[in-house]
Amino acid sequence: MKNPRNFPGSILIAFVIKLVLYIPLGVVGMLFFGDMLHANILNNISGDLQAINVSVLLLVAVQAIMSATILGNPVVVMIEGAVNTPPDRLISWKRVLVRFCSVLGVVIICEAIPRFDLIMALIGGTTINTAVFILPCLFHMKLAKNDQWHKMKISFDIMAIIFGVVAGCVCTYASIAHIVEAYQ
């Protein structure tokens with residue numbers, strides 16, 4: 001980014017665009033399907049709207065393929081550095097082997113765990129609340145202990161930590177309950 005000061009504004013614009021796209025979809029889905037709404041709204045589309053379902057699934061697949069390439073690249077580059085892949089050569093046998101093994105590993109994980117969504121829900125329930133609510137507040141409490149507003153900030157941090165712990169416990173319990181229910 002040419003001007004790093006514009007980064008918070010670009011993040012705000014990205015979130016606003018996502019809200020403008022996602023909130024109407026959720027509201028329309030709830031109004032249209034009501035209690036019959038599935039967690040994945042595409043499962044509600046059937047019959048005459050099957051062409052829409054196929055096109056949306058195709059677009060989701062294209063997005064997943066494109067983002068997997070971008071998100072997986074830093075890991076692959078680190079592994080390539082660990083096995084001393086020549087950085088000046090675009091194609092080498094080490095680079096091809098590392099990338100092939102990384103794709104093969106992803107395929108093996110996807111095939112070995114048929115309900116990976118349940119595992120991701122468990123991981124999310126246990127780690128996301130810690131990373132979003134608990135750890136930042138603990139770090140803030142440590143860094144801002146000499147601030148004049150310290151007692152007020154500490155109270156907000158403690159409330160956020162309590163919320164994070166409660167939400168993490170609820171999410172973890174719900175995830176474990178879904179895993180047990182799915183494999184009964």
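Look above for the structure.
Let me sum up the structure you'll find in this document. Since the model is a prediction, treat every value here as computed from it, not as a measurement.

How each quantity is defined
- Residues numbered from 1 in each chain as written.
- Predicted model: local features only at pLDDT ≥ 70, side-chain atom pairs only at ≥ 80, totals over all residues.
- Heavy atoms only, no water.
- Patch = residues over 30% accessible without salt bridge, like charges linked within 9 Å, V, L, I, M, F, W, Y side chains within 5 Å.
- Areas by Shrake-Rupley, 256 points an atom, 1.4 Å probe, with all protein chains shown as cover.
- Salt bridge = Lys/Arg side-chain N within 4 Å of Asp/Glu carboxyl O.
- Helix = DSSP H or I, 4+ residues; strand = E, 2+ residues; numbered from the N terminus.
- Axes fitted to C-alpha atoms, helices over the stretch in contact; angles between N-to-C directions.
- Parallel < 35°, antiparallel > 145°, perpendicular 65-115°, else oblique.
- Nonpolar A, V, L, I, M, F, W, Y, C, P; charged D, E, K, R; others polar.
- Buried < 20%, exposed > 50% of the residue type's maximum accessible area, 1.4 Å probe, protein only.
- Polar contact = N/O pair within 3.5 Å; in protein donor to acceptor, adjacent residues only side chain to side chain.
- Contact = heavy atoms within 4.5 Å.
- Phe/Tyr/Trp six-rings, centres within 6.5 Å; stacked < 30°, edge-to-face > 60°.
- Disulfide = S-S within 2.5 Å.

**Concerning a nonpolar patch on the surface**
The grouping of I109, F116, I119, M120 and I123 at the surface amounts to a nonpolar patch, some 400 Å² of accessible area in total. Counting residues per element, the nonpolar patch draws most heavily on helix 4 (residues 116-143), which supplies 4 residues.

**So, the packing of helix 4 against helix 5 (residues 150-182)**
At a minimum axis separation of 8 Å, helix 4 and helix 5 run at an interaxial angle of 170 degrees. Our classification of the angle between helix 4 and helix 5 gives roughly antiparallel. Tallied by class, residues from the contact of helix 4 with helix 5 come to 18 nonpolar, 10 polar and 2 charged.

**Structural notes on the side chain of S175**
Relative to the assigned elements, S175 resides in helix 5. Overall, the relative accessible area of 8% leaves S175 in the buried class. Only 3.1 Å separates the side chain of S175 from the backbone oxygen of A121, close enough to count as a polar contact. Leave out the neighbours within four places in its chain, and S175 touches A121 and L122.

**What to know about the packing of aromatic side chains**
The final tally for this structure, using the stated rule, is 2 aromatic pairs. Centroid distance F32 to F33: 4.8 Å. Interplanar angle 90 degrees. Geometry classified as edge-to-face. Centroid distance F133 to F163: 5.0 Å. Interplanar angle 75 degrees. Geometry classified as edge-to-face. With a gap of 30 residues between them, F133 in helix 4 and F163 in helix 5 connect regions that are remote in the sequence. The partly exposed category is assigned to F133, whose relative accessible area is 25%.

**Let's talk about the pattern of salt bridges**
Side chains that differ in charge, positive against negative, can pair when their charged atoms come close. Considering all chains together, one arrives at 3 salt bridges under this definition. Residues R95 and E80 are paired through a salt bridge, measuring 3.3 Å at the closest nitrogen-oxygen approach. Of the two residues, R95 is situated in helix 3 (residues 93-112) and E80 in helix 2 (residues 50-82); the sequence distance between them amounts to 15 residues. Within this structure, E80, R95 and R99 form a network of salt bridges that share partners.

**Concerning the state of the cysteines**
Across all of its chains, the model carries 0 disulfides by this definition. With no disulfide of its own, C137 lies 16 Å from the sulfur of C169, the closest cysteine sulfur. A residue is classified by how much of its surface remains accessible, and C137, at 10% relative accessible area, is buried. There is no disulfide at C171, and the cysteine sulfur nearest it, in C169, is 9.5 Å away.

Purely geometric numbers; function is a separate question.
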